[in-house]
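Working through the structure, step by step
In case you want the letters, here they are:
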Amino acid sequence: MIRSFAAFSFLLAIASPVTAQTVAITGGKLVIGDGSDPVDNGTVLIRDGIVIASGRNIVVPEGASRIDASGQWVTPGIFAGFSRLGLAEVDAVTGANDKSASRSGFNAGLDIAPAIDPFRTAIAVNRAAGITRAVVAPEAGSNMFAGQGAIVDLGNDDKAITKLRAFQFVEFGEDGARLAGGSRSASHAAFRAMLREAQDYGSNKGNFDDELLRAEDAKALLPVLRGETRLLVHVEGANDILRVLDLKRDFPSLKLVLVGATEGWRVADSIASSGVPVIASALNDLPVSFAQLGATQSNIGRMKNAGVKVAIGMIDDRDAHQIRYSAQYAGNLVALQKVPRATGLTWNQAFAAISSVPAEILGVGDKYGSLKPGRAADVVLWDGDPLELSSAADAVYIDGVAQPLGNRQMRLRDRYRSPVEGDLPKAYDK
Amino acid sequence: VHIKLRRKIMVSKRMRLTALLLPLSLMACAANGDSKPVKSASSDPIEKPKVKAEAPFASTYKSYPGVATLIKGATVLDGEGGRFENGAVLLRNGKVAAVGASADGMNVPADAVSVDGTGMFITPGIIDIHSHLGDYPTPSVDAHSDGNEATSPTTPEVWAEHSVWPQDPGFSRALANGGITSLQILPGSANLMGGRSVTLKNVYSRTVQGMKFPGAPYGMKMACGENPKRVYGGKGRMPSTRMGNLAVNRQTWIKAQEYRKKRDSGKEFTRDLGMETLAGVLDGDILIQNHCYRADEMAQVLDMAKEFGYKVTAFHHAVESYKIADLLRANDVCSAVWADWWGFKMEAYDAIPENAALLQNAGACTIIHSDDENQIQRLNQEAAKAMADGRRMGINISEADAMRWLTYNPAKAMGIDKMTGSLKAGKMADVVLWNGNPFSVYSRPAKVWIDGALMFDANDPKRRPVSDFELGQPGEGDVK
């Protein structure tokens, strides 16, 4: 019966809201997403799109409608810690790719929100894979400051934005150096100069020196300077990480989040003592650049053990289409527990790294990322262990609304179930 | 057009800094695949002895010493569809000596090492038919970008082995995390005819010759579609369209036929490296590995092959094979595919995760490949996803059959299936012992043997290779 949700055509499946009444999802193996153990025969109570109770021995109020999840896993939807979902239909088709504003005169002032298209095929495909929320970052174009990113939901409606201008994104490391003029000295000088220009803009617009920033860019950097908007910093190498942490000395209010951090394990104690959280690539293990010589899949586990708050993100890694790899990546970190000398995550930690932890790092953990009371009812029912390769989502709810799981790929699959033409060409087979 | 010779377009990691140039980089794909060299059907009926010079750049690979080893108690997937619960595999003198449901009756030497495989799985060594390890190695710096000779739309004269850097750290990851024992390194896909491939044993050596798989036939990389027309159209030369692609290909095959006739005439002729390779294809000695995404283009390539009398062994990156699975089966052409890549370029727009399952269901040769230094470490996981996607649409593929996609089928398409690719007595002892079911995300190789020599052991840091590049660097010898 749950599966019937998936069977609806995505054209027909207008969300059936479960608002205004209480819904109980019962009988499944319940994962809260906060790192706690799964509980058998758990219950999630939803009212007005919000989780009002979850766990074992929850009393289902009279009159509540029930969804039987027996034999299924019930989890929060996956919260993608880093992505470019909704920004590209086809990466290599210029007009259908809005990741980077590479010829714009703006930088920090760019806002990715209008580029996020909830009707992109990738939204539907990744929704069907159990992704319900995602961090969406702009890609740096001609400046180390890429602009303002957003948090979105993957619901089948035209309102994707969960949080507008949720963070500012900036490149340091090799990419930042290249964009700033060819050296890390240039990126650090440019960063400081741009923040100071923004400060000047804030204190006296009349004296604003617009050599590096336009007014729109300066405006966008003010909340970053005040620590009201998080600054996500893409950086990979150990030394680059330390030099970014140093920025706090001159700009103590910055609310930093490290993105990437392939060599984070080499300086894990410094990251931990700084209190700066990390959204990391899970499986980088090759020396792709000289900033990543120490790459290892044990990176996240080692940082976690050192006390760093760390989530999984798809960083420059099929970031507009394959966010569905998140669960596979998390599962791989669990696999490391069986590999001698490697450091992985427990299952509970791994699932939290793709649900509650990224939400907390982005400052929205009180509303998203887990099934604790008070969180949005982003719930996925799976036919098995959600981190296992053989498993799939049977049903997806976003804000308590049942979502259609059909997509273009399924239509192609069904058309070519048998490749041979019948009485009419394939084009008539709809 | 600013052309940066970087690897693949598709991987946004690489794309991001080059924006949408989709540089030659992406063009790293090829394909091929039938073990039986097909004698040319060309119109030249004259059988003349070929000039057989000693093969240049010959393999100097020597297997490392191994000991007789009996692995017991594991689930065996033999790579050809066979499965033994609680089975046994005996390795001896570098070969698979016996495989069965138990060790009873096996001629086990008294000094054989016994490995307890309880709870584990034994499979043939994993084979990647499409890799650029060595010719697009890490670190991915411009100085290492040696996979595309993007100076002419046809460069059949180049050989990938002359670009392979045997110190690529990627070989070690493919071994330790992916259980890769053999792999085909291809030129990129910037060119219609990209040059010869080389098949390697995944054993580090000071020289490429020391890695070359002894007796493996050569392949030749061809590429359809977007990449060649973009690269050369962008330079204001032919081809700039798909019709240009086909025209340049056909003109070149005509020259190859003439060259071959001249070569076989007994008269003096001037050697031409490119034509030698193309004539080798027409002879049936060199296997065509054809990068081709779209179904309609594959069908046209098949007709071109008929026109000139050669065989396409495998289509690589064939994301639309599911649309013509019947045609591919009828032509005995393999499809080397990803589990689920899609959307990175226009010709990958119709990719679906059920591609492999639909091919298998139609009885067409199916291979899972990587074209990627990361996914080569997880081909088993890619096969697991493709198998699961098939099952969800009602195509029940057994684990034993899915294992063919990673072992026997690529071996067949690389022309090495008589030597490796399955656990059959007498074949090379290229074997992976997995610490769990290889179709689970939670499993990794515990030990890997190549020609009977233990080349990786998760429990023994001494059995983990470290390339020259990583020696003395941060993380040297780490678990990676």
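Since this is a predicted model, take the numbers as computed values, not measurements. (Residues numbered from 1 in each chain as written. Chains lettered and ligands numbered in written order. Predicted model: local features only at pLDDT ≥ 70, side-chain atom pairs only at ≥ 80, totals over all residues. Heavy atoms only, no water.)

A few words now on the pairing of strand β5 (residues 73-76) of chain A. Residues and elements named next belong to chain A. Bridge count between strand β1 (residues 22-30) and β5: two bridges; the pairing is parallel. Looking at β5, one finds that L30 is bridged to V74. Sheet topology note: the β5/strand β14 (residues 379-382) ladder contains four bridges and is antiparallel. Bridge pairing links W73 to W382 in β14. (Pairing = 2+ DSSP bridges. Helix = DSSP H or I, 4+ residues; strand = E, 2+ residues; numbered from the N terminus.)

Counting residues in hydrophobic clusters, the biggest one holds 185 residues, and the most contacted among them are F145, F191 and L387 of chain A together with W253, Y310 and F315 of chain B. In terms of residue count, helix α6 (residues 295-308) of chain B provides more of this core than any other element does, seven residues in total. When sequence neighbours within four positions are dropped, the list of residues in contact with L387 of chain A reads A327, A330, G331, V334, W347, A350, F351 and I354 of chain A together with V441 and Y442 of chain B. Ranked by size, the runner-up nonpolar core spans 25 residues in total, among them A166, I315, I361 and A376 of chain A. (Core = buried A, V, L, I, M, F, W, Y, C linked by side-chain atoms within 4.5 Å. Buried < 20%, exposed > 50% of the residue type's maximum accessible area, 1.4 Å probe, protein only. Contact = heavy atoms within 4.5 Å.)

All names here are of chain B. On inspection of all chains with the given rule, the structure shows two disulfides over all chains. Across the disulfide from C224 sits C292; the S-S distance is 2.2 Å. Of note, the bridge from C224 to C292 carries an S-S torsion of about -95 degrees and is left-handed in sense. Taken together, the residues span a long stretch of sequence, with C224 in the loop between β10 (219-223) and α3 (226-233) and C292 in the loop between β11 (287-291) and α6 at a distance of 68 residues. C292 carries the same exposure label as C224, and that label is buried. With cysteine numbering restricted to those in disulfides and following the sequence, chain B has the pairing 1-2, 3-4. (Disulfide = S-S within 2.5 Å.)

What follows deals with the side chain of S83 of chain A. Residue and element names in this part refer to chain A. Along the polypeptide, S83 turns up in strand β6 (residues 78-83). At 3.2 Å, the side chain of S83 and the backbone nitrogen of L85 are in polar contact. At 2.7 Å, the side chain of S83 forms a polar contact with the backbone oxygen of V135. (Polar contact = N/O pair within 3.5 Å; in protein donor to acceptor, adjacent residues only side chain to side chain.)

A full pass over the atoms with the stated rule returns 52 salt bridges over all chains. Here D417 of chain B makes a salt bridge to K418 of chain B, at a shortest N to O gap of 3.4 Å. By relative accessible area, D417 of chain B is classed as buried at 4%. Taking relative accessible area as the criterion, K418 of chain B reaches 66% and is therefore assigned exposed. Because the salt bridges share partners, they merge into one network encompassing R84, D91, K99, E139, D316 and D319 of chain A. (Salt bridge = Lys/Arg side-chain N within 4 Å of Asp/Glu carboxyl O.)

The next subject is unusual backbone geometry. Residue P139 of chain B is reached from T138 of chain B by a cis peptide bond, and omega for that bond is -5 degrees. With respect to the element layout, P139 of chain B can be found in the loop between β6 (126-131) and α2 (170-178). Cis rather than trans, the peptide bond between M238 of chain B and P239 of chain B has omega equal to 0 degrees. Take P239 of chain B: it is sitting in the loop between α3 and α4 (242-263). For R165 of chain A, which is not glycine, the phi dihedral falls at a positive 45 degrees. Position of R165 of chain A among the secondary structure elements: in strand β9 (residues 161-171). The phi dihedral of D332 of chain B falls on the positive side, at around 55 degrees, and the residue is not glycine.

The next subject is a negative patch on the surface. Residues D200, D209, D210 and E211 of chain A make up a contiguous surface patch of negative charge. Residue position: E211 of chain A is located in the loop between α4 (184-203) and α5 (215-225). (Patch = residues over 30% accessible without salt bridge, like charges linked within 9 Å, V, L, I, M, F, W, Y side chains within 5 Å. Areas by Shrake-Rupley, 256 points an atom, 1.4 Å probe, with all protein chains shown as cover. Lys, Arg positive; Asp, Glu negative; His and termini not counted. Charge placed at Lys NZ, Arg CZ, Asp CG, Glu CD.)

Take the environment of N86 of chain B next. Residue and element names in this part refer to chain B. Mapped onto the secondary structure, N86 falls in strand β2 (residues 83-92). Of the residues examined, N86 reaches a relative accessible area of 55% and is grouped as exposed. Sequence separation between N86 and A101 is 15 residues; the distance between their C-alpha atoms is 6.5 Å. Ignoring sequence-local partners within four residues, the contact set of N86 consists of G73, A74, T75 and A101.

We now examine the interface of chain A and chain B. Facing 70 residues of chain A, the contacting portion of chain B comprises 70 residues. Overall, the association of chain A and chain B removes approximately 6,000 Å² of surface from exposure, summing both partners, and the carbon and sulfur fraction of that is 54%. Contact with chain B buries surface across chain A, with L286, R318 and L389 of chain A losing the most and accounting together for 11% of the total. Remark: the boundary between chain A and chain B carries four salt bridges. R408 of chain A is the partner of D350 of chain B in a salt bridge, and the nearest nitrogen-oxygen pair spans 2.6 Å. Considering every element that reaches the side of chain A that touches chain B, the biggest residue donor is helix α9 (residues 325-335) of chain A, with six residues. Taken together, the residues of the side of chain A that touches chain B break down into 29 nonpolar, 17 polar and 24 charged. (Buried area = accessible area lost by both parts, 1.4 Å probe. Nonpolar A, V, L, I, M, F, W, Y, C, P; charged D, E, K, R; others polar.)

The subject of this paragraph is the confidence of the model for chain B. On average, residues of chain B score 91 in pLDDT, and 89% of them reach the 70 mark or higher. Quick note on the complex model: pTM equals 0.93, ipTM equals 0.95. (pLDDT = per-residue confidence, 0-100.)

Two aromatic rings, taken as a pair, are described by how far apart their centres are and by the angle between their planes. Summed over all chains, the structure comprises 21 aromatic pairs over all chains. Between Y293 of chain B and W338 of chain B, the ring centres sit 6.0 Å apart and the planes meet at 45 degrees, which makes this aromatic pair tilted. One end of the pair, Y293 of chain B, is in the loop between β11 and α6; the other, W338 of chain B, is in the loop between β13 (334-337) and α8 (355-361), and 45 residues separate them in sequence. Members of the aromatic cluster, each reached through a chain of ring pairs, are F145, F172, F191 and F251 of chain A. (Phe/Tyr/Trp six-rings, centres within 6.5 Å; stacked < 30°, edge-to-face > 60°.)

A separate point is the environment of E89 of chain A. Structurally, the position occupied by E89 of chain A is in the loop between β6 and α2 (121-128). As for E89 of chain A and A320 of chain A, which are separated by 231 residues in sequence, their C-alpha atoms are 8.0 Å apart. When neighbours within four sequence positions are excluded, E89 of chain A is seen to be in contact with A96, R120, T121 and H321 of chain A together with G343 and Y349 of chain B. Only 2.5 Å separates the side chain of E89 of chain A from the side chain of Y349 of chain B, close enough to count as a polar contact.

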